Amino acid sequence: MTAIILKSLQYRWPDASNLTLDIDSFHLGANEKVMLRGPSGSGKSTLLAALSGIIDVPKASVLVAGIDVGDLPGSDRDRFRVDHLGLIFQVFNLLPWMSAIDNVLLPCRFSKRRLEKVGANPLETAMRLLGELGLTDPELLNGPASALSIGQQQRVAAARALIGSPEIILADEPTSALDEDAKDAFVELLLKECDASGASLMFVSHDSTLEKHFDRTVELNVLNGRGV
Ligand SMILES: Nc1ncnc2c1ncn2[C@@H]1O[C@H](COP(=O)(O)OP(=O)(O)OP(=O)(O)O)[C@@H](O)[C@H]1O
């Protein structure tokens, strides 16, 4: 199944004079990994908000994992998000009083679908994902998330996005706080995990040095019909 289909998607923020999104057509295939680029203010975060049902979009303009996001009642959107999407946003939204491990396990608490996919031992999966992302110190993993560095929080957010194999991972500048070596390692791990679970990835970044890791690069201005 195609992971994402956009068709005649237009979005204007309230009181804005221009459309932020004006996309004729876009497809993201199953297990395809794309980098989304565009100048600051071009609408990259707005597009991720449209894909994740955070903003209202017209019916039939945004299909994610076969679901018409614009046709979902507000009350179903949280479930849609936790069932089908792994989100790694600029602000990692970890619950600061909870441990790193419990933060990673959250999607399995809120989504039966993710719990079923993760199998018999969610804790073991959480530990495996954290370990593959370089977080193994039990003291760190069991302490409050508020005690983690930004780079560590980022990796916990990635493990939380990946647990229970959602079909699509949306990442908004997840490497902005990392140094050059850590950036490449983080992206490689993310791609490896996407391949292992068959997930598709849309990865927003300004960093052209990361382009080599992806199946293709999409320029939002081109998608929006505005040239690069
Ligand atoms: N909550 C909001 N209310 C009104 N306008 C908004 C809102 N969020 C974004 N916008 C506007 O939409 C446009 C696109 O913003 P967006 O954050 O999607 O761009 P971006 O490409 O992600 O930028 P950056 O690379 O700087 O993060 C901007 O003009 C911005 O002012």
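Named according to an unreviewed UniProt entry, the protein chain is Putative ABC transporter ATP-binding protein/MT1014 originating from Pelagimonas varians.

Colleague: Tell me about the sheet that holds strand β6 (residues 85-88), and please be specific about residues and values.
Modeller: What the five strands build is an open sheet, ordered β6-β7-β8-β3-β9; its pairing is parallel. Only two strands of the sheet have a single neighbouring strand rather than two, namely β6 and β9 (216-219). For this sheet the average axis-to-axis angle between neighbouring strands, irrespective of direction, equals 20°. The pairing of strand β7 (residues 168-172) with strand β8 (residues 200-204) spans five bridges and is classified as parallel. Across the sheet, residue Asp-172 finds its bridge partner in β8, namely Val-204. Set on the sheet, helix α1 (residues 44-51) makes contact with β3 (33-37), β7 and β8; between it and β7 the angle comes to about 150°. Packing of helix α7 (residues 150-162) onto the sheet brings it into contact with β6 and β7, and relative to β6 it is tilted by some 170°.

Colleague: Describe the packing of helix α3 (residues 100-110) against helix α5 (residues 122-132), naming the residues involved and giving the relevant values.
Modeller: The geometry of α3 relative to α5 is characterised by a closest axis approach of 10 Å and an angle of 120° between their N-to-C directions. Put simply, α3 runs oblique to α5. Between α3 and α5 lies a crossing whose hand is right-handed. Where α3 approaches α5, its residues Ala-100, Ile-101, Val-104, Leu-105 and Cys-108 are matched on the opposing element by Pro-122, Ala-126, Leu-129 and Leu-130. Taken together, the residues of the contact of α3 with α5 break down into nine nonpolar, no polar and no charged.

Colleague: Could you give an account of the sheet that holds strand β5 (residues 67-68), naming the residues involved and the relevant values?
Modeller: Across the sheet, four strands lie side by side as β2-β1-β4-β5; this open sheet has antiparallel pairing. With partners counted over all chains shown, the strands left at the sheet margins are β2 (21-28) and β5, one partner each. One ladder, built from three bridges, connects strand β1 (residues 4-11) with strand β4 (residues 62-64); its direction is antiparallel. Considered in β4, the bridge of Ile-4 is made with Val-64.

Analysis parameters
- Residues numbered from 1 in each chain as written.
- Predicted model: local features only at pLDDT ≥ 70, side-chain atom pairs only at ≥ 80, totals over all residues.
- Pairing = 2+ DSSP bridges.
- Helix = DSSP H or I, 4+ residues; strand = E, 2+ residues; numbered from the N terminus.
- Axes fitted to C-alpha atoms, helices over the stretch in contact; angles between N-to-C directions.
- Contact = placed C-beta atoms within 7 Å.
- Parallel < 35°, antiparallel > 145°, perpendicular 65-115°, else oblique.
- Left-handed = near helix turned anticlockwise from the far one by under 90°.
- Nonpolar A, V, L, I, M, F, W, Y, C, P; charged D, E, K, R; others polar.

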